[in-house]
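Observations on the three-dimensional arrangement
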Amino acid sequence: MNLTPIRHRRAAVHTRLLALLIIGPVLLAAGAAAYRFGGSYSKSPASKADSDKPSNSGFRPRFELDAVGFVSVNKAVERWDPNASLAEIAAVWDRIGYRTIERIDRQLASKPQVTPMERYSALYTKASLLNYEGDANQAYQLLSQAREFVESDDALKKEMLYNLVFLQGITALRRGETENCILCRGESSCILPISAAARHVKPAGSRTAIQHFTEYLEQFPDDFEIRWLLNLAHMTLGEHPEGVDPRYLISLDHYRNSPAEIGRFRDLGQQVGVNRLNQSGGAIMDDFNNDGCLDIVVTSFDPCCPMAFFQNTGTGVFEDRTDAAGLSGQLGGLNCLQADYNNDGRLDLFIVRGAWASYPMRPSLLRNEGNSRFTDVTEESGLFDPV
């Protein structure tokens, strides 16, 4: 099949999507990336050249990186004032995925005519935004609708089908992780090799993921990232290695039989009072009240999530003292550091923010007042400027 017309069509749609982004910055915020209509978010099994190489059946391999809506959200988020408080910044990010979906729906409803590509782009973008919000079930439903649409158009099917197959697999695997490792956390959850105690008792997510990853590998058997995800899904069900298709099996013997064996770790957090759902962020284990016991401080990349301070009681458990320490208003923070900046013998805290955020955010310098209380002295210390 001559794919020249569809490539010209992709370029034309990309131009229209950019125009829509200028007119309405929410609708199809990740459209260019979503279809690779001139987008720059290509991902290949081995190289970019491989990503442009169709399978023997003429299907194009996966190319989309924004499976969890991060790019879409960062394009849609409204600019905040450089001097905005942490609470004001949090309000901008609160339910950003759901609010962006509502705006997409309003924009579509206001258009006199919606093209098929705009409809597909809306479905895809909304699915990624739902993944961002952790709503894998609804995201999967929208991806199924998008797949049904693509399969009705032979040209689009060749270009985009296996991107959707990949994303259906990722979303199903996220569902399995949410239903088992997050909602039913155990001491071995998410620790490889996955032990019998960590096997998913709700298998639907991983079972669906296996279906989609196998479907993908039937067309692109050399994609080692997909092969690993397939093996991982089987591990969560206790089916590795016996249940894995031998063509795609990845052995873990070199880990299980390593000469550098150091034993296994157990996640005891929920048993000792440290049971917190957290995005990536900073973590410190140190003695903040000079009682000889190590306390725990964690921050989160999520601008809506407060930091946490877990005080060691000295009895093998921790107590959440975030509110009592005056830290509940310290939102976000990709990293945190401890140091005695004023040489009073007490460890203080410095929280840095921003990094991949859309716009600058201020840091926080928190002075340890003793008795496990902290005071925000960022402004008076001359460190208030957002970066």
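Residues numbered from 1 in each chain as written. Predicted model: local features only at pLDDT ≥ 70, side-chain atom pairs only at ≥ 80, totals over all residues. Heavy atoms only, no water.

**Remarks on the overall build of the protein chain**
So the rule is basically this: The helix count covers DSSP runs of H or I at least four residues long, the strand count covers runs of E at least two residues long, and both are numbered beginning at the N terminus. Residue exposure (1.4 Å probe, protein chains only): buried if accessible area is under 20% of the type maximum, exposed if over 50%, otherwise partly exposed. Contact between two residues is taken to exist if any of their heavy atoms lie within 4.5 Å; hydrogens are not considered. For every accessible area listed, the method is Shrake-Rupley and the probe measures 1.4 Å; residues are considered covered only by the protein chains on display.
Each helix and strand counted, the protein chain has 12 helices and eight strands in total. Counting all 387 residues of the protein chain, 46% fall into the buried class. A fraction of 56% describes how many contacts in the protein chain between residues 6 or more apart in sequence connect residues 24 or more apart. Here the protein chain has roughly 18800 Å² of accessible surface; of this, 53% comes from carbon and sulfur atoms.

**Some thoughts on the sheet that holds strand S2 (residues 295-298)**
Put simply, the test is: Here a strand pair is declared whenever DSSP counts at least two bridges between the two strands. Interaxial angle, 0 to 180 degrees, is taken between N-to-C directions of lines fitted to C-alpha atoms, where a helix line uses only the stretch in contact.
In spatial order, the strands read S1-S2-S3-S4; together these four strands make up an open sheet with antiparallel pairing. If you trace the sheet from one side to the other, it starts and ends with strand S1 (283-286) and strand S4 (318-320), each paired once. When strand polarity is set aside, the average angle formed by the axes of neighbouring strands in this sheet is 20°. When strand S3 (residues 308-312) meets S4, the two strands line up antiparallel, connected through three bridges. Of the residues in S4, the one forming a bridge with Asn312 is Phe318.

**Brief notes about the packing of helix H10 (residues 204-219) against helix H11 (residues 224-236)**
Angle between the axes and distance between the axes are the two parameters that describe a pair of packed helices. For the record, the criterion: Note that the term roughly parallel is reserved for angles under 35 degrees, roughly antiparallel for angles over 145, roughly perpendicular for angles of 65 to 115, and oblique for everything else. It is the rotation of the near helix from the far one that decides the hand of a crossing: anticlockwise by less than a right angle makes it left-handed, clockwise makes it right-handed. Polarity classes work like this: nonpolar for Ala, Val, Leu, Ile, Met, Phe, Trp, Tyr, Cys and Pro, charged for Asp, Glu, Lys and Arg, and polar for all others, with Gly in that last group.
Relative to each other, H10 and H11 sit at 155°, their axes nearing to 9 Å. With respect to H11, the element H10 is oriented roughly antiparallel. Read as a crossing pair, H10 and H11 show a hand that is left-handed. From H10, Ser206, Ala209, Ile210, Phe213, Thr214, Tyr216 and Leu217 reach across to H11, where they touch Ile226, Arg227, Leu229, Leu230, Ala233, His234 and Thr236. Split into classes, the residues belonging to the contact of H10 with H11 amount to nine nonpolar, four polar and one charged.

**Section: the confidence of the model for the protein chain**
For clarity, the threshold we go by: On a range of 0 to 100, pLDDT expresses the predictor's confidence in each residue.
Considering every residue of the protein chain, the mean pLDDT works out to 84; 86% of them sit at 70 or more. Mean pLDDT across the elements of the protein chain ranges from a minimum in helix H2 (residues 31-35), with 32, to a maximum in H10, with 98.

**Some remarks on the packing of aromatic side chains**
When we look at a pair of aromatic rings, we describe it by the centre distance and by the angle of the planes. Note the cut-off: Stacked, edge-to-face and tilted are the three classes for Phe, Tyr and Trp ring pairs, Trp counted by its six-membered ring, which pair at centre distances within 6.5 Å; planes under 30 degrees apart are stacked, over 60 edge-to-face, the rest tilted. Charge-over-ring placement is defined geometrically: NZ (Lys) or CZ (Arg) within 6 Å of the ring centre, and within 35 degrees of the ring normal.
Tallying each qualifying case throughout the model produces 11 aromatic pairs. Consider the rings of Phe70 and Phe301, whose centres lie 6.3 Å apart with planes at 35°: the pair is tilted. Separated by 231 residues along the polypeptide, Phe70 in helix H4 (residues 70-76) and Phe301 in the loop between S2 and S3 bring together distant segments of the chain. Owing to a relative accessible area of 30%, Phe70 belongs among the partly exposed residues under this scheme. Accessibility expressed as a relative area gives 18% for Phe301, which makes it buried. A network of ring pairs unites the aromatic residues Phe59, Tyr162, Tyr216 and Phe220 as a single cluster. If you follow Arg62 out to its NZ or CZ, it ends over the ring of Phe166, 4.7 Å from the centre. One cation-aromatic arrangement involves Lys158 over Phe59; the distance from NZ or CZ to the ring centre is 4.5 Å.

**With respect to the sheet that holds strand S7 (residues 364-370)**
One open sheet holds the four strands; their spatial order is S5-S6-S7-S8, and the pairing between them is antiparallel. Both edges of this open sheet fall to strand S5 (335-339) and strand S8 (373-376), since each of them pairs with a single strand only. For this sheet the average axis-to-axis angle between neighbouring strands, irrespective of direction, equals 25°. One ladder, built from four bridges, connects S7 with S8; its direction is antiparallel.

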